[in-house]
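# Inside the fold
In case you want the letters, here they are:
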Amino acid sequence: MKKVFFIALATLLIGGSVVAKSPLPPRYHLLMDRDWKFFLGDDKNASPEKFDDKAWRTLDLPHDWSIEGEFSKDAATGGQGGYLPTGIGWYRKQFSLPFPVGGKQVSIQFDGVYMNSEVWINGHYLAKRPNGYISFEYNLTPFLVKGKNTIAVQVDNSNQPNSRWYSGSGIYRHVWLNITNGLHIVQWGTYVTTPEVTDASATVSVKTKIDNTRLDIANKILNSSITDENGHEVASGNTPISIKDDAPVELVQQLTVNSPALWSVDAPHLYTLHSTITSGKKIIDETETSFGVRKIEYSAINGFMLNGKHIKMNGVCLHHDGGCVGAAVPEKIWVQRLKLLKQMGCNAIRTSHNPVAPEVLDLCDKMGFLVMDEAFDVWESGKVKNDYHLYFDEWWQRDVTDQIHRDRNHPSIVLWSAGNEIPDQTRDRGVELIKNILGVYHAEDPTRPVTTANDDIAADNGATKIPFMDAEDIVGYNYVDRWHERRELFYGLDHYDHPAWKMIGTESESLRNPPEYSLGADMGKVRPNYPGGMIRAEQLWKFVAVHDYVIGDFMWTGIDYLGEARWPGKGSSSGEIDMTNRPKDGYYFYQSQWTTKPVLHLLPHWNWPGREGQIIPVLAYTNCDTVELFVNGKSYGIKVQEFPRQGNSGGWNKYAQPYVNSSTADLHLTWDVTYEPGTIKAVGRKNGKQVIVDEIHTAGKPAALRLTTDTAVIGANGKDIAMVYIDVVDDQGNIVPNADNLINFTVTGNGNLIGVDNGNQRDDASFKLNNRKAFNGHAYAVVRAGKLPGNISLAVQADGLKPASISIKTEIAKTSVMAFEDLK
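Figured I'd write up the structure that's included with this text. Note that this is a predicted model, so its numbers are computed, not measured.

The rules behind the values
Residues numbered from 1 in each chain as written. Predicted model: local features only at pLDDT ≥ 70, side-chain atom pairs only at ≥ 80, totals over all residues. Heavy atoms only, no water. Helix = DSSP H or I, 4+ residues; strand = E, 2+ residues; numbered from the N terminus. Contact = heavy atoms within 4.5 Å. Pairing = 2+ DSSP bridges. 1 Å grid on protein atoms, 1.4 Å probe; cavity = no way out; pocket = protein on both sides within 12 Å on 5 of 7 lines; lining within 4 Å. Points joined across faces, edges and corners; volume = space filled by probe spheres on them. Nonpolar A, V, L, I, M, F, W, Y, C, P; charged D, E, K, R; others polar. Phe/Tyr/Trp six-rings, centres within 6.5 Å; stacked < 30°, edge-to-face > 60°. Lys NZ or Arg CZ within 6 Å of the ring centre and 35° of its normal. Buried < 20%, exposed > 50% of the residue type's maximum accessible area, 1.4 Å probe, protein only. Core = buried A, V, L, I, M, F, W, Y, C linked by side-chain atoms within 4.5 Å. Axes fitted to C-alpha atoms, helices over the stretch in contact; angles between N-to-C directions. Parallel < 35°, antiparallel > 145°, perpendicular 65-115°, else oblique. Left-handed = near helix turned anticlockwise from the far one by under 90°. Salt bridge = Lys/Arg side-chain N within 4 Å of Asp/Glu carboxyl O. Disulfide = S-S within 2.5 Å.

## A word on the side chain of T180
Checked against the element boundaries, T180 lands in strand β10 (residues 175–181). Setting aside residues up to four positions removed in sequence, T180 forms contacts with P26, R27, K104 and Q105.

## Details of the sheet that holds strand β19 (residues 303–306)
In space, the three strands of this open sheet follow the order β18-β19-β20, with antiparallel pairing throughout. Strands at the two margins of the open sheet, each flanked by one partner only, are β18 (296–299) and β20 (309–310). Sheet analysis places β19 next to β20, joined by two bridges and oriented antiparallel. Across the sheet, the residue bridging to M305 is H310, located in β20.

## Topic: the layout of surface pockets
Looking at the second largest pocket, its volume works out to about 1300 Å³. In this structure, the second largest pocket is lined by 44 residues; those nearest its centre are Y517, I735, P737, N776 and H778. Listing elements by their share of the lining of the second largest pocket, those giving two or more residues are α10 (585–594), β31 (600–603) and β37 (689–697). In terms of residue class, the lining of the second largest pocket is made up of 17 nonpolar, 16 polar and 11 charged.

## Describing empty space enclosed by the protein
As enumerated under the stated definition, the model contains seven cavities of 30 Å³ or more in all. What lines the largest cavity is a set of 21 residues, and nearest its centre among them are Y114, Y133, N162, D377 and Y388. Broken down by class, the residue content of the lining of the largest cavity amounts to 11 nonpolar, seven polar and three charged. When its volume is computed, the second largest cavity comes out at roughly 190 Å³. If you trace the second largest cavity, you find 17 residues lining it, with H320, V329, W334, A357 and V360 closest to the centre. Among the secondary structure elements, those contributing two or more residues to the lining of the second largest cavity are α2 (331–344), β22 (348–351) and α3 (358–367). Split into classes, the residues belonging to the lining of the second largest cavity amount to 12 nonpolar, three polar and two charged.

## So, the packing of aromatic side chains
Going through the model one piece at a time under the given rule, you end up with 35 aromatic pairs. When the centroid spacing of 5.4 Å and the interplanar angle of 85 degrees are considered together, the rings of F71 and F767 count as edge-to-face. Remark: F767 occurs in the loop between β42 (751–757) and β43 (771–773) and F71 occurs in the loop between β3 (57–59) and β4 (87–96); sequence separation between them is 696 residues. Positioned over the ring face of W334 is R337, at 6.0 Å from the centre of the ring. Stacked on the ring of F630, the Lys or Arg K681 has its end atom at 5.8 Å from the ring centre.

## Regarding helix α4 (residues 392–407)
Burial analysis of α4 places 12 of its 16 residues in the buried class, the great majority of the element. Looking at α4, one finds that the buried residues are F392, W395, W396, D399, V400, T401, D402, Q403, I404, H405, R406 and D407. Contact partners of the buried residues in α4: β7 (124–129), β11 (183–197), α3, β23 (370–374), β24 (413–420) and α5 (428–444).

## Remarks on the nonpolar core
Residues L341, W379, Y441, Y491 and W606 are the most contacted members of the largest nonpolar core, which totals 115 residues. Ranked by residues supplied to this core, first place goes to α5 with seven residues. Excluding anything up to four places from it in sequence, Y441 contacts A375, V400, Q403, I404, W416, S417, A418, P446 and V450. Listed in part, the 35 residues of the second largest apolar core include L61, I108, A127 and Y138.

## Some details on α3
Where burial is concerned, most of α3 is hidden: nine out of the 10 residues are buried. Along α3, the residues that are buried comprise P358, E359, V360, L361, D362, L363, C364, D365 and M367. One or two residues past the end of α3 sits G368, with phi positive at roughly 85 degrees.

## Concerning the pairing of β7
Sheet analysis places strand β6 (residues 117–121) next to β7, joined by five bridges and oriented antiparallel. Looking across to β7, one finds that V119 is bridged to A127. Two successive antiparallel strands, β6 and β7, enclose a turn made up of two residues, where N122 displays a positive phi of approximately 50 degrees.

## A word on the packing of α4 against α5
Relative orientation of the contacting elements α4 and α5 amounts to 30 degrees, with a least axis distance of 9 Å. When the axes of α4 and α5 are compared, the pair comes out roughly parallel. Of the two elements, α4 crosses α5, and the hand of that crossing is right-handed. Residues F392, W396, Q397, V400, T401, Q403, I404 and H405 of α4 form the contact with α5, whose participating residues are L433, N436, I437, V440, Y441 and E444.

## Remarks on the pattern of salt bridges
Overall, the coordinates contain 35 salt bridges when judged by the stated rule. K584 is the partner of D560 in a salt bridge, and the nearest nitrogen-oxygen pair spans 2.9 Å. Residue D560 is located in the loop between β28 (550–556) and β29 (561–562), and its partner K584 is located in the loop between β30 (571–572) and α10; the two are separated by 24 residues in the primary sequence. For the pair formed by D560 and K584, the shared burial category is buried. D763 serves as the salt-bridge partner of R772, at 3.7 Å between the closest nitrogen and oxygen. Looking at D763, the relative accessible area reads 13%, which means it is buried. Connected via shared salt-bridge partners are D481, R487, E509, R512 and R536.

## Describing the sheet that holds strand β44 (residues 778–785)
An order of β38-β40-β44-β42 is seen for the four strands of this open sheet, with the pairing classed as antiparallel. In this open sheet, the two edge strands, each paired with only one partner strand, are β38 (704–709) and β42. For this sheet, the mean inter-axis angle between neighbouring strands, taken without regard to orientation, is 25 degrees. Where strand β40 (residues 721–729) and β44 come together, seven bridges link them in antiparallel fashion. Directly across from A722, in β44, lies its bridge partner V783. Packed on one face of the sheet, α2 meets β40 and β44 and runs near 55 degrees to β40.

## What to know about the packing of α2 against α10
Packing of α2 against α10 leaves a shortest axis separation of 8 Å and a crossing angle of 50 degrees. Judged by the angle between their axes, α2 and α10 are oblique. Every residue of α10 that contacts α2 at L340, Q343 and M344 is listed here: Y587, Y590, Q591 and W594. Classifying every residue of the contact of α2 with α10 gives five nonpolar, two polar and no charged.

## Quick word on the state of the cysteines
When the sulfur atoms of two cysteines share a covalent bond, that bond is a disulfide. Per the stated rule, a full pass over the model turns up zero disulfides. Left without a disulfide partner, C346 is nearest to the cysteine sulfur of C364, which lies 9.0 Å away. Owing to a relative accessible area of 2%, C346 belongs among the buried residues under this scheme.

## Examining unusual backbone geometry
In this structure, T557 follows W556 across a cis peptide bond, with omega equal to -5 degrees. Note on placement: T557 falls in the loop between β28 and β29. Cis geometry is adopted by the peptide bond preceding P644, which originates at F643 and carries an omega value of -10 degrees. On the secondary structure map, P644 appears in the loop between β34 (634–640) and β35 (669–674). Unlike most non-glycine residues, W188 shows phi in positive territory, near 55 degrees. Structurally, W188 is set in strand β11. Taking relative accessible area as the criterion, W188 reaches 10% and is therefore assigned buried. The backbone of N581 sits at a positive phi, close to 70 degrees, despite the residue not being glycine. Secondary-structure assignment places N581 in the loop between β30 and α10. Among the residues examined, N581 registers a relative accessible area of 3% and is labelled buried.

And the structure:
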């Protein structure tokens, strides 16, 4: 549920007018990220309002203190947590409201705090929330005073290990201050569904939960108006409000949108619901809710249907960290990553294994991703000593309910996941648990099915219980090809034995990319490490692509992440994009299968000194009919592929499309090439016409550094960032693929360096240093703007190389989000 008062409030503050004649807008939703005090350590006396925190560090949220530390083999988190420090931290913030709050309700909202957060206001204890990924809100009203008020938050991530991946530590998502009148729409109290959708019209069902802390509710009306992306009203309705015994009431309205613009992965149209409580001409409360008009259907035969059309979920799993920035991920990093995934042909995201930041779901709505919104990694039975199983019995129902209420209006979410690889799946108790959990999901949101990601289906050491899977709306498979004959038969066995099951690959083997190419340590023999990592992924995709009943697959993973590592590694390299947002070879395999635009990608690099005359395999991922390979102008022949292969059409030995005489049944092409320095070039053709060319040059010695950035202008707000990509190049501008020069970074002007990386998961240097060794010829830096307009200069230098610099402009940017500090 979004709040419409941002613009109204801004207008008021600059002397403009608002609809209501009240001296104050009816509702505030204020970003409260600036100027918090932070102390790393435990101080039992830090909760009272008069505690002296002057010596504490001042910082802005979101904040992850773990990513600021050093990697250590002896860290309590171990490899699962990325070998980074955790501990206990305290945050404090003083604030004064510039107007009396009599009759109003004031609350504080945390989008995510990892973990075991405890909150005080003016020394009054509010509550504890163990779950580090859930959003929550506390009522501050009874404890506020005139003048300065103090929020204190203790975050306890000291009990390790408590996660199987990097969690981060601290208030790592946004914080908001919400102010409403006594009669108001409750937090996450608007629920929008589209039960009937056709091209001609759509029924929009709106449920609005209203609370009242004041007795006077006479002549109050709930007005609901729907506007399209151009701001034009397309439907409206109003309902009188009647509340008895001060208990919240839920009003139900049915609105009709004619000729709706449907939300889809290719055209993610959005509408806005404007909900307003009025008393005559006076506005008492108002909110905005973004939603999409779409129809989802699942079938044990046809898989997934969106707006009546079959869609294969070409998905990836994503963890929540942003690489060198840790868990406190600037939104722009998610924008860049989701753009890359979209270009790869990915249309679905699994939030592994927890609810994500709200802004990530907003981006999925806008960019057209299907989302599997996951809740837990464990239930009653844990995986590591101090994980969520310690809190599950007490908290699961509240956490699930809050997850659903926060997320249920996102059109991108088409499926809930109640858990990942839950150990309880193999036990009778697990059958009871899943029925109870699904009961909550179905009660709070009957419009979406629920699955779990099961890794023990057909396992020899204790298989998932059949009643457990029978209870699921959709049966989720982690690594469907793991056991015995399933390596070749995949979903086929269970589809035959359980024809009513709806099936989805919740987690599957991705194409494995070596961190760096190698031909082996013995210079006299060629033992390449790159030709075999694609077979398992290719065979799985060939099955999934041609069997409609398989809803889709979610590859593990879309992007590299921190944690699940063994020293000296600090993270997983299973992604098709590395932590510096650079696509790997496997990226182009999926792009060749999941998109229709011409794709042609050669590998490996062509720098192999001392290997002259040796036979080296050259590979290509492509969706072209034919590819011809040239080495220094000499042809090594044409390779031909076709998938899916076509059979006869219209008669014996007749084909609907030109016949392709395939040279392989694989989904990649291979040539054995005599190595000689120079240029390898591949020419791709479709229907006999050249459509794409890819070539790789032998690079010379490192000569210079080259910088590129995702943007030349960023907002001067203390939050906006620029991502800068550094390449080590030769004197011809070719990237030197084996360059590992130490690169020094210097930032001047209105900004600062917040992280450096190179994509090497075995590099254990801190992300907060001002230098980084190149890896595969690349490095990466994230620069954050200050709060004043101006310019940022990033200069890079390495011994023996020509330096480089880049300038980024920072300017005041328009925003609909108002910070608490801007309230006058």
